Amino acid sequence: MAKDEQSIPSVWARPRREREQPALSRDQIVAEAVRLLDEEGIDALSMRRLGSRLNAGATSLYRHVANKDELIELAVDAVYGELPLPEEADATRWREVIARIAHGLRATILRHPWMAAKLGEVGLAYLGPNMLRQTEHMLGVFESAGFPLDEADQAMSTLIAYVLGVATSEAAILSMIARSGQTEQEWVEHLWPAAERAVQDYPRLRARYAAQRNQLSAESNEDGFEYGLQRVLDGLQSRLG
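Residues numbered from 1 in each chain as written. Predicted model: local features only at pLDDT ≥ 70, side-chain atom pairs only at ≥ 80, totals over all residues. Heavy atoms only, no water.

(A) View of the UniProt feature "domain: HTH tetR-type" (unreviewed entry) in the protein chain. Those places that UniProt annotates as "domain: HTH tetR-type" (unreviewed entry) correspond, in this numbering, to residues 23–83. Within the segment residues 23–83, helix and strand shares are 66% and 0% respectively, and the terminal C-alpha atoms sit 29 Å apart. (UniProt positions renumbered as here; feature names shortened; annotations may be inferred. Helix = DSSP H or I, 4+ residues; strand = E, 2+ residues; numbered from the N terminus.)

Below, the structure is given as structure tokens:
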């Protein structure tokens, strides 16, 4: 392996670490890491904690990954593996297929709220095999719509940036509610008086808060996400003339 490859801190930039007949496979380790992250959040993840859940010492884990950062890279790619690959689409159906991808990515992040906070920190996550497969197929959908490959790449990046921006905010709220030990409805009810006081001097915000008072946040979030998604797609479609 080249010297500069060795200096890149990513699990995707070096040969896979594994014994010939390991007691634990890397897939087992990553699957349990995802369960731990889902149940207890990113702060609970450590090699020792994970080893305890697997009834193995931390040294057993280091045969597969160099450190916690590599483990998170693998966990992120494993979650991307939950997404179905985009179907092939002709030029008339590309919006429908891309919208389905966007909703699927948002739903996946909301199932794994820890992921939103880590996506911007995992460096070479885009070299993971599951993310590479997703990227290749998404580029194909945009190409089928009529985008040249370089603009298909930019269109894909724009779409993903929108999804991650919205889902990150939603995931942060979900994580806050989970830490509170309350249901979403209980959390909102406790927050609402403070929110109403905060917007008293802002008539537009006061009107919006009042309108949303009895609306389920999940429905409101879904409507808001769909509105923004369609406007992103409108802008991309305008590029096709």
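(B) Up close: the packing of aromatic side chains. Per the stated rule, a full pass over the model turns up 5 aromatic pairs. Here Tyr162 and Phe225 contribute two aromatic rings whose centre-to-centre distance is 5.4 Å and whose plane-to-plane angle is 25°, an arrangement assigned as stacked. Residue Tyr162 is located in helix H9 (residues 149–180), and its partner Phe225 is located in helix H12 (residues 217–238); the two are separated by 63 residues in the primary sequence. Between Trp192 and Tyr209 the ring centres are 5.9 Å apart and the planes differ by 40°, which places this aromatic pair in the tilted class. A residue pair is termed long-range when its members are at least 10 positions apart, and Trp192 in helix H10 (residues 184–198) and Tyr209 in helix H11 (residues 203–211) qualify at 17 residues. The exposure class assigned to Trp192 is buried, which follows from its relative accessible area of 11%. Aromatic rings pair up to connect Trp94, Phe142 and Phe147 into one cluster. Arg106 extends its terminal NZ or CZ atom over the ring of Phe225, reaching a point 5.0 Å from the ring centre. (Phe/Tyr/Trp six-rings, centres within 6.5 Å; stacked < 30°, edge-to-face > 60°. Buried < 20%, exposed > 50% of the residue type's maximum accessible area, 1.4 Å probe, protein only. Lys NZ or Arg CZ within 6 Å of the ring centre and 35° of its normal.)

(C) Representation of unusual backbone geometry within the structure. Residue Asn55 is not a glycine yet carries a positive backbone phi of 55°. Here Asn55 lies in the loop between helix H3 (47–53) and helix H4 (58–62).

(D) Spatial organisation of the UniProt feature "DNA-binding region" (unreviewed entry) in the protein chain. The sites that carry the UniProt feature "DNA-binding region" (unreviewed entry) are, in the present numbering, residues 46–65. Helix and strand shares over residues 46–65 are 60% and 0% respectively, and the end C-alpha atoms of the span are 12 Å apart.

(E) Region of the structure containing the domain arrangement of the protein chain. Taken domain by domain, the protein chain comprises domain 1 (1–81) and domain 2 (85–240). Inter-centroid distance (C-alpha atoms) of domain 1 to domain 2 is 28 Å. Every contact between the two is made by 17 residues of domain 1 and, on the other side, 17 residues of domain 2. Between domain 1 and domain 2 the total buried area reaches about 1,500 Å² when both faces are included, carbon and sulfur atoms providing 75% of it. A per-residue breakdown of the area domain 1 buries against domain 2 is headed by Trp12, Val79 and Tyr80, which together make up 40% of the total. Viewed at the interface, domain 2 and domain 1 are joined by 0 salt bridges. The interface formed by domain 1 and domain 2 contains 4 residue pairs in polar contact (both at pLDDT 80 or more). Those elements that provide at least two residues to the side of domain 1 that touches domain 2 are helix H2 (26–40) and helix H5 (68–80). When residues in the side of domain 1 that touches domain 2 are grouped by element, the largest group, 8 residues, is from H5. Tallied by class, the residues present in the side of domain 1 that touches domain 2 amount to 12 nonpolar, 2 polar and 3 charged. (Domains from an automatic or database assignment. Contact = heavy atoms within 4.5 Å. Buried area = accessible area lost by both parts, 1.4 Å probe. Salt bridge = Lys/Arg side-chain N within 4 Å of Asp/Glu carboxyl O. Polar contact = N/O pair within 3.5 Å; in protein donor to acceptor, adjacent residues only side chain to side chain. Nonpolar A, V, L, I, M, F, W, Y, C, P; charged D, E, K, R; others polar.)

(F) Region of the structure containing the pattern of salt bridges. A full pass over the atoms with the stated rule returns 13 salt bridges. Notably, a salt bridge pairs Arg53 with Glu39, separated by 3.1 Å at the nearest N-O pair. Highlighted residues: Arg53 in helix H3 and Glu39 in helix H2, separated in sequence by 14 residues.

(G) Representation of the environment of Glu143 within the structure. Its location among the elements puts Glu143 in helix H8 (residues 129–145). As a C-alpha pair, Glu143 and Ala102 span 41 residues in sequence and 17 Å in three-dimensional space. Ignoring any residue separated from it by four or fewer positions in sequence, one finds Glu143 in contact with Leu149 and Ala152.

(H) Just a nonpolar patch on the surface, in detail. On the surface, Tyr126, Leu127 and Leu132 cluster together to form a nonpolar patch covering roughly 280 Å² of accessible area. Its place among the elements puts Tyr126 in the loop between helix H7 (114–118) and H8. Overall, the relative accessible area of 48% leaves Tyr126 in the partly exposed class. (Patch = residues over 30% accessible without salt bridge, like charges linked within 9 Å, V, L, I, M, F, W, Y side chains within 5 Å. Areas by Shrake-Rupley, 256 points an atom, 1.4 Å probe, with all protein chains shown as cover.)

(I) H8, seen in detail. Here H8 contains 17 residues, and its C-alpha end-to-end distance of 25 Å stays within 8% of the 24 Å for a straight helix at 1.5 Å per residue. Tucked inside the fold, the buried residues of H8 contact H5, helix H6 (94–111), H9 and H12. Looking one or two residues beyond H8, the residue adopting positive phi is Gly146, at roughly 120°. (Expected span 1.5 Å × (residues − 1).)

(J) How the structure looks around the nonpolar core. Trp94 and Phe142 are the most contacted members of the largest nonpolar core, which totals 57 residues. Mapped by element, the contributors of at least two residues to this core are H2, H3, H5, H6, H7, H8, H9 and H12. Formed jointly, this core draws a minimum of three residues from each of two domains, domain 1 (1–81) and domain 2 (85–240). Excluding residues within four positions of it along the chain, Trp94 makes contact with Ala89, Val141, Phe142, Ala145, Phe147, Leu233, Leu236, Gln237 and Leu240. (Core = buried A, V, L, I, M, F, W, Y, C linked by side-chain atoms within 4.5 Å.)

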